[in-house]
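Here's the letter readout for the chains.
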Amino acid sequence: MIEILNPTLLTRAKVSGALVADILQTLKGRCVIGTNLLDVDRWAKAMILDAGAQSCYVDYAPSFGRGPFGHYICTAVNDAVLHGRPYDYTLADGDLLTLDLAVSQNGVAADAAISFLVGEVKPPESVAMIDATERALAAGIAAAGPGARIGDLSHAIGTVLSEAGYPINTEFGGHGIGSTMHQDPHVANTGRPGRGYKLRPGLLLALEPWVMADTAELVTDDDGWTLRSATGCRTAHSEHTIAITDDGAEILTLPR
């Protein structure tokens, strides 16, 4: 399903997006050396419920996962990249952590992810990888607007990632979003310009460049959810929800 939101729903989407961004920034500030991932999940739950919103994850049970996700946020550390299920792990100095959050409020969902380094240790290769996903995200957003095609966004994202030297996996990527978290169209992280669905005002997209340092192959953790790099290399992931407008694209998940 491809959903086009009316002005009332777009206003609600902005509220959902702001909530997601604010929660992610609050959690980033709390994720210090010694923080347990299960505490991160508890904090996310409290903030979502306090806002009168609903988690898009806790009861989520798609075909690629094993049963309901059961948690309120995805926490991916080092070699984990997507769908990271929180577990009893204490963050260490230099860990590369990705927080991925999707929330629905007043019937409209928003989705975003941030990657960052915990503590004082900042390995240059990890800094560069995070930066590449952020630059790719910015390029995808810059390519979005009415009349553009999905392939234009994919091409813009993939060009940045490829030029930075990272292999690109196309199994998972960006997606439409609206009354539900995952909708059509799929937005691969590489592609050919001029191809695919033509964007229209009112369309919401979650763009999410993610990479693994030296492989495009994923393996699934024993929890049935967490996706890790097949080689054990580090990973990074950046995501925003955007709304297609009459003259471009508006980022809905920027921190206030």
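Residues numbered from 1 in each chain as written. Predicted model: local features only at pLDDT ≥ 70, side-chain atom pairs only at ≥ 80, totals over all residues. Heavy atoms only, no water.

### Section: the overall build of the protein
For clarity, the threshold we go by: Going along the chain from the N terminus, every DSSP run of H or I of four or more residues is numbered as a helix, and every run of E of two or more is numbered as a strand. Our radius of gyration is a C-alpha quantity, and the globule rule it is checked against amounts to 2.2 Å times the number of residues to the power 0.38. For every residue, the accessible area (1.4 Å probe, protein chains only) is compared with the maximum for its type, and the residue is labelled buried under 20%, exposed over 50%, or partly exposed between those bounds. Residue contacts are counted whenever heavy atoms from the two residues lie within 4.5 Å of one another. Accessibility throughout is a Shrake-Rupley quantity obtained with a 1.4 Å probe, and a residue counts as covered only by protein chains that appear here. For this count, His and the chain ends are skipped, Lys and Arg are scored as positive, and Asp and Glu as negative. Positions of charges follow a simple convention, taking NZ of Lys, CZ of Arg, CG of Asp or CD of Glu.
Within the protein, the secondary structure is distributed over 4 helices and 14 strands. For 256 residues, the compact-globule estimate of 2.2 N^0.38 gives 18 Å, and the protein sits close to it at 17 Å. Each principal axis of the C-alpha distribution contributes one length, and for the protein these read about 45 × 45 × 35 Å. Counting the 256 residues in the protein, one finds 54% classified as buried. Across the protein, the fraction of contacts at a sequence separation of at least 24, relative to all contacts at a separation of at least 6, is 70%. When the accessible surface of the protein is summed, it comes to about 10300 Å², and 51% of that surface belongs to carbon and sulfur atoms. In the protein, 18 side chains carry a positive charge and 30 a negative one; their mean positions are 5 Å apart.

### Re the packing of aromatic side chains
Put simply, the test is: Geometry of aromatic contacts follows a simple scheme: Phe, Tyr and Trp rings, the Trp one being its six-membered ring, pair when their centres are within 6.5 Å, and the pair is stacked under 30 degrees between planes, edge-to-face over 60, tilted otherwise. Look at NZ for Lys and CZ for Arg. If either is within 6 Å of the ring centre and within 35 degrees of the ring normal, a charge sits over the ring.
In this structure the tally under the stated criterion is 7 aromatic pairs. Both rings, one in Tyr57 and one in Phe69, keep their centres 5.8 Å apart while their planes meet at 65°; by these two values the pair is edge-to-face. Here Phe69 lies in the loop between β1 (54-55) and β2 (74-77) and Tyr57 lies in the loop between β1 and β2, a separation of 12 residues in the sequence. This pair shows no difference in class: Tyr57 is buried, exactly as Phe69 is. On the numbers, 6.1 Å between centres and 85° between planes, the contact of Phe64 with Trp225 is edge-to-face. In this pair, Phe64 is assigned in the loop between β1 and β2 and Trp225 in the loop between β10 (218-220) and β11 (227-229), connecting sequence segments 161 residues apart. Ring pairing ties together the aromatic residues Tyr57, Tyr60, Phe64, Phe69, Phe172 and Trp225, which thus form one cluster. The ring of Trp43 is capped by Arg30, whose NZ or CZ atom sits 5.2 Å from the centre of that ring.

### Points about the side chain of Ser126
Tracing the backbone shows Ser126 in helix α3 (residues 124-142). A relative accessible area of 1% means that Ser126 is categorised as buried. What Ser126 contacts, discounting residues up to four positions off in sequence, is Leu96, Leu117 and Arg234.

### A closer look at the state of the cysteines
The cut-off we apply is this: By convention in this document, the label disulfide applies to cysteine sulfur atom pairs within 2.5 Å.
Tallied over the entire structure, the rule returns 0 disulfides. For the unlinked cysteine Cys31, the closest cysteine sulfur is that of Cys74, found at 14 Å. In this structure Cys233 is a free cysteine whose sulfur lies 19 Å from that of Cys74, the closest cysteine sulfur available. Residue class for Cys233 comes out buried when judged on its relative accessible area of 10%.

### What to know about the sheet that holds strand β8 (residues 204-207)
For the record, the criterion: A pair of strands is considered paired only if DSSP assigns at least 2 bridges between the two. With axes taken as lines fitted to C-alpha atoms, and helix axes fitted only over the stretch in contact, angles between N-to-C directions fall between 0 and 180 degrees.
Taken together, the 5 strands give an open sheet; going across it, the order is β7-β6-β8-β13-β14, and neighbouring strands pair in antiparallel fashion. Looking at the sheet topology across the chains shown, the edges are occupied by β7 (183-187) and β14 (248-251). Neighbour-to-neighbour, the strand axes of this sheet turn through a mean angle of 30°, independent of strand direction. For strand β13 (residues 240-245) and β14, the ladder comprises 4 bridges, and the chain directions are antiparallel. Looking at β14, one finds that Ile244 is bridged to Ala249.

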